[in-house]
Amino acid sequence: MPYKWPEKRTIMGTGVPRLDGALKTSGKAKYAFDRNLPGMLYGRILRSPHAHCKVVEIDLAPAEAMPGVKATHVIKGPDVKDAQGKVLNELSYGGDEIAAVAAETEEQAREAVRAIKIKYEILPNTANEADGMKKDLKPTLNEAGKVKVDDAWKDCAAIVEGSYGNTVITHVCWESHGLVAWWKNDDELLVYASTQAVGATAQGVKGNYKTMPNLKVTCETPFMGGGFGSKFGPDIQGLVCAELARKSKRPVKLMLERDEEHWVGGSRPSAFAKVKAGAAQDGTLLAFDAETWGTGGYGSDAKFPLPYVYLPASHRRKHFDVYTNTQNKRALRAPGHPQGCLIMEQVMDDLADKLGMDPVEFRRKNLPAAGNPLVNLSPIYAKELTIGAERIGWAQKYHKRGDPTPGPIKRGLGCAVNTWGGGPGNAQATCTIQPDGSVEVACGTQDLGTGTTTLVPLVAAEILGLQIKDIKGMIGSSALPPAGGSGGSTSCGGVSLAVGVACMKALEKLFEKAAGELGAPATELEAAGGKVQVKGGGKSLTWKQACALLGGAPISELGDKNDKGIQGMATSGVGGAQFADVSVDIETGEVRMNKLVAVADCGLVVNRLLCESQVFGGVVGAINAALFEERRMDAKSGLVLNPDLEYYKVAGHSDLGDIDVVLLDYPERGIIGIGEPPYIPGAAAIANAVCNAIGVRVGVIPLTPKRVLDALAAAKK
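Here we summarise the structure given alongside this text. (Residues numbered from 1 in each chain as written. Predicted model: local features only at pLDDT ≥ 70, side-chain atom pairs only at ≥ 80, totals over all residues. Heavy atoms only, no water.)

**Section: the pattern of salt bridges**
Here the structure, examined in full by the defined rule, presents 40 salt bridges. Via salt bridges that share partners, Arg44, Arg47, Glu97, Glu106, Arg110, Glu257 and Glu260 belong to a single interconnected network. (Salt bridge = Lys/Arg side-chain N within 4 Å of Asp/Glu carboxyl O.)

Rendered as C-alpha cells:
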C-alpha cells in the first residue's frame, strides 16, 4: 500500500512540550559528562604549545612514574606511523594532540601531562588569512556564467564595488566533546559519548581496532549538550579514551575543557570577498564579479556558494583556499550558506541603494526565475518578504541610508533571504505492538536538544490513533535500528518517515487480526481515539481489545526512509527570510538588537512548539555570529588568543532583543529540514540594518564597536 501522512492530523502540527524537559530542568538527565562509573579514571591530552612544529623526542617515563597514573598513550611522535608507514610527528596547529595519560583523579592526570618530557623542532607558521594570501596561491575555484562579465557592465545603470566577509568562529558546545569508555569484556566496549551520530561514533571506535573483528562497540547518548555539526564521530580524544581504557582495564572519562573546545573542538571557515556588481535601471541584476578567499584550517578548504539565491546570467568568481596553522573546519549549521548569504545580501543592499530602490522591492525584482534551480521557491520568498516587512514595520520605519534623527543613537532596518536543502536522512525504526496493548518504537537516532525524544512517540501516536503517553520511544543508542547522524537538517524527515512507515506496517498487521472480529476488510479499518474501528463510524474495538487478538505473538515491523510507496512524506529545498531592526550608538560603536523577524519555510510542521524553538535557536546563533563571535589569533605565535568565554563573546538574553518567529506550514510539501535554515540569513539582515542606520557599510562581521567606529572614521576621510 502507499504510505502517506493522515490528511486529518490530531497531534502532528500541534505544540507538544518536550518529554525530556522535566529531566533536563531538574538535573536528572545524564549526559556523557555526568557518567561516573565505579573505578573510573580521568584522561588528559598533552597538546602542542606551538602553531607548527615537529616532535623530535618524547619520554613518557616521568609521567608514568607519577602518582595515580594507570595508562599512557602516544598519539604523534617520531615513533608513530600511519597505515602507509608515514611518520606522524608533525603538529599543525596550537592544541594538536601529542600524547595522553589516564590517572585516578583529574589533578593527577594534569600533573602527569606536565611531567612528559618532549623536544620540538619549531617550524614556520601561517597564523591568518593575510599571511596566507601572500603565498603563491592558485585559485581552487574559477567559474563564469553564460555571458562574459566584462561585456555586461555597459548595460548597467548602477555598479557597486565592495569588500565583505566574516572571520572564523568556533562551535562553543556547552557540553564539550568527549566520551566515557568502558571495556565490559575483551571484545565488548561501551561508550557514553557526546555525539550527534551514535552509529558513526560506535563504528569509528570499532574501526580503530581492525585486529579485533568480533569487537562489539555500543554508543549510548540519551542526552547531549550541543554539537552544531562538530560531533559526528569519536574524534581523536574518543579513540584515545578507548585505548587508555583498554590499557588500564578501567573505565576512562576524557572530555575536553573549555580552552580545548576553542583549540580543537570545531570551527567555521572565514569568508572574504571583493565584489563588483551591476544592475539595470529597472533593478534587474545583470553582472556579478567576485574574488573570494578564506581559511578552513591547515588542510581544509573554505568554499561557499556565490552568487547566492539570485543568479545573474553574467557572473564570474575566482576563489582561493588559504591554509593556516589552525584546526581544520567542521560543519557548523548550514556549512557555507551563512557566508555566501552574508556577502550576497550586502551586495544586494548596496546595489538597491545605488539605484535608489527599496531593498525589499529590489529583491522581489530578482527572485529566482527560469534557469535558476531555486525557481520553485520564488512564491515562498515573495510571501516571506511580504510577511517579514509587515511584522518589522518596514513601511513605517524604513528610511534611506543614514538615520537623520538627532543624537548619537541611529536606528535602521535590514533584510536577507536564504536557501538550504534539508532532505530526509537515512533512518530505520521498529514498531512493536504487544498483546497487552503496549507499544514500543525504537530508532538508533539521537537528540541534540532539538526534540527527537518527543518526535518519535509523537509520530507513532498520530499513526496509531493513540496518545503520546501510550508510546514508549527508544532512541540514543547504536544498538537500535540504524539511523544517520543529526546533520544537514535531515533528522526530522528521515526519523519521522522511518517511524511513520514502521507504525503503518504494524497497524496493517493489527487490522488483519481485527478484521474478522469487526466484520470488515482490513482495508476498511482505521485507528483513532484509542480505538480500532470500521471507517465511517462503524463497529469498533478498544485498542487493548484489538491487541488482545494477537494472542501470544506481538507484532514488530521495520520502517525505512527508503521504503517503496512513500508519497510526498518528506522533501527538500527551503526558502527563508529575516528582517532586523537595530540601534547603533555612533559614539561608542555599540550595536543593539531591537527586533528580528524570522519567517521560516517549514513544510509539514510536526511539532509546532519545537519547530518554533528550532527557529529561535537559529536566530540566536545568527545574532552571535553577527555581533559577537570571533576567534582571535596571535599573528606571531599563531596561537588562539581567546580560548575561553571571557574573551570569546556570546550573547546574553539582554543582547537578543525581540525575536518574532513566523512558521509557514505547507503540509503538501511534506517534512523538510528546519534546524539550519534559520541560522543563515540573520547576520546578513543585521549587517544591512547597521548600514541603514549609520549610512556606512561595515563589511566584515562580527560588527564589533571597533569595526563600526573604524568604518565611520574612514567615511569621514
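**A few points about the layout of surface pockets**
Its volume calculated, the second largest pocket comes out at about 880 Å³. Considering the residues around the second largest pocket, the lining is formed by 28 residues, among which Pro6, Ile463, Leu507, Glu526 and Ala527 are closest to the centre. For the lining of the second largest pocket, the secondary structure elements donating two or more residues are α12 (452-464), α13 (491-518) and β22 (525-528). If one sorts the elements of the lining of the second largest pocket by residue count, α13 sits on top with five residues. (1 Å grid on protein atoms, 1.4 Å probe; cavity = no way out; pocket = protein on both sides within 12 Å on 5 of 7 lines; lining within 4 Å. Points joined across faces, edges and corners; volume = space filled by probe spheres on them. Helix = DSSP H or I, 4+ residues; strand = E, 2+ residues; numbered from the N terminus.)

**A look at the pairing of strand β20 (residues 439-442)**
Bridge count between strand β19 (residues 428-433) and β20: four bridges; the pairing is antiparallel. Looking at the pairing, Ile433 lines up with Val439 of β20. Connecting β19 to the antiparallel partner β20 that follows it, the hairpin turn spans five residues, and Gly437 within it adopts a positive phi of roughly 95°. Judged from the four bridges that link them, β20 and strand β21 (residues 471-474) form a sheet pairing that is parallel. By the bridge assignment, Glu440 is partnered in β21 with Lys472. For the crossover from β20 across α12 to β21, the handedness is right-handed. (Pairing = 2+ DSSP bridges. Right-handed = clockwise from strand over helix to strand, strands pointing away.)

**Topic: the packing of α12 against α13**
Contact geometry of α12 with α13 gives a least axis separation of 9 Å together with a crossing angle of 35°. The interaxial crossing formed by α12 with α13 has right-handed handedness. On α13, the residues touching Thr452, Leu455, Val456, Val459, Ala460, Ile463 and Leu464 of α12 are Cys492, Val495, Ser496, Val499, Gly500, Cys503, Met504 and Leu507. (Axes fitted to C-alpha atoms, helices over the stretch in contact; angles between N-to-C directions. Left-handed = near helix turned anticlockwise from the far one by under 90°. Contact = heavy atoms within 4.5 Å.)

**Quick look at helix α3 (residues 106-115)**
When we look at burial in α3, the residues that qualify are Ala109, Ala112, Val113 and Ala115. One face of α3 carries all of its buried residues, which in axial projection span an arc of 155°. The exposed set on the far side of α3, more than 90 degrees from its buried face, consists of Glu107 and Arg114. Residues of α3 that are buried make contact with β1 (41-47), α2 (61-64), β3 (69-74), β5 (97-103) and β6 (117-122). (Buried < 20%, exposed > 50% of the residue type's maximum accessible area, 1.4 Å probe, protein only. Arc of directions from axis to C-beta.)

**Re the environment of Gly402**
Along the chain, Gly402 falls in the loop between α11 (394-397) and β18 (409-420). With 184 residues separating them along the chain, Gly402 and Thr218 place their C-alpha atoms 59 Å apart. Every residue in contact with Gly402, bar those within four places of it in the chain, is listed here: Cys691, Asn692, Ala693, Ile694 and Gly695.

**What about the nonpolar core?**
One finds Val275, Leu351, Phe579, Ile686, Val690 and Ile694 to be the most contacted residues of the largest nonpolar core, which totals 88 residues. In this structure Val275 touches Val160, Glu161, Gly162, Tyr164, Phe288, Asp289, Ala290, Ile343 and Val347, once residues within four positions along its chain are discounted. Listed in part, the 55 residues of the second largest apolar core include Leu466, Val495, Ile555 and Val606. (Core = buried A, V, L, I, M, F, W, Y, C linked by side-chain atoms within 4.5 Å.)

**Focus: the sheet that holds β6**
Ordered by their spatial adjacency, three strands build an open sheet running β4-β2-β6, and the pairing between neighbours is antiparallel. Looking at strand neighbours, the two that pair on one side only are β4 (90-91) and β6, the edges of this open sheet. Pairing of strand β2 (residues 53-59) with β6 involves six bridges; the strand directions are antiparallel. Across the sheet, the residue bridging to Asp59 is Lys117, located in β6.

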